[in-house]
Amino acid sequence: MTTNAGNCDQRHLGCSCRGDLAVHERGAQERAEARAQAAELAPCPECDRPTPPLQLVTWGNCRACRTAHSRTQEPLRW
Ligand SMILES: [Zn+2]
Ligand SMILES: [Zn+2]
């Protein structure tokens, strides 16, 4: 098995293994965990609080912001 120093397929993702498989594996795992966490929670655009993406998609902000808005905003009357 040959290692191609500096020829890592995840270098563009920030891998600094330079062909060191142990470093590469560790880095790959860290990136995978970071991605999994990012998929779980995303920062609310208003308060930066980690929020499930579903809430951001549904309301555009986190539960706390939504509650605050619904308290401060009068319901619109047409
Ligand atoms: Zn690598
Ligand atoms: Zn918020």
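It should be noted that the structure appears before, not after, this text.
Each chain carries its own residue numbering, running from 1 in the written order of its sequence. Chains carry letters and ligands carry numbers; both start at the beginning, A for chains and 1 for ligands, and go up in the order they are written. With pLDDT at 70 or above as the cut-off, local features in this predicted model cover only qualifying residues; side-chain atom pairs require 80 or more to be listed or tallied, and sums for whole chains, interfaces and linings still use all residues.

Asker: Please provide a residue-by-residue account of the overall build of the protein chain, values included.
Answerer: Scanning the protein chain from terminus to terminus reveals 3 helices and 2 strands. Counting other C-beta atoms within 10 Å of a residue's C-beta gives its exposure: the residue is buried at 20 or more, exposed at 12 or fewer, and partly exposed in between, where C-beta atoms are placed from the backbone. Out of the 78 residues belonging to the protein chain, those deemed buried represent 5%. By definition, residues are in contact whenever their C-beta atoms, placed on the basis of the backbone, come within 7 Å of each other. Expressed as a percentage of contacts within the protein chain between residues at least 6 apart in sequence, the contacts between residues at least 24 apart total 0%. Helix and strand definitions here come from DSSP, where helices need a minimum of 4 consecutive H or I residues and strands a minimum of 2 consecutive E residues; each element is numbered from the N-terminal end.

Asker: Which residues make up the environment of Arg 49, and what are the values?
Answerer: Mapped onto the elements, Arg 49 comes out in the loop between strand E1 (42–43) and strand E2 (50–51). For the pair Arg 49 and Cys 62, spaced 13 residues apart in the sequence, the C-alpha separation amounts to 7.3 Å. Excluding residues that lie within four positions of it along the chain, Arg 49 makes contacts with Pro 43, Cys 44, Cys 62 and Ala 64.

Asker: Which residues make up unusual backbone geometry, and what are the values?
Answerer: The phi torsion of most residues other than glycine is negative, and most of the peptide bonds are trans. Look at Arg 18: it is not a glycine, yet its phi comes out positive at around 50°. Assignment of secondary structure puts Arg 18 in the segment before helix H1 (21–40). The exposure class of Arg 18 is partly exposed, given the 14 C-beta atoms found within 10 Å. The residue Asp 48 is not glycine, and still its phi comes out positive at about 65°. Note that Asp 48 resides in the loop between E1 and E2. On the basis of neighbour count, Asp 48 is assigned to the exposed category, with 9 C-beta atoms found within 10 Å.

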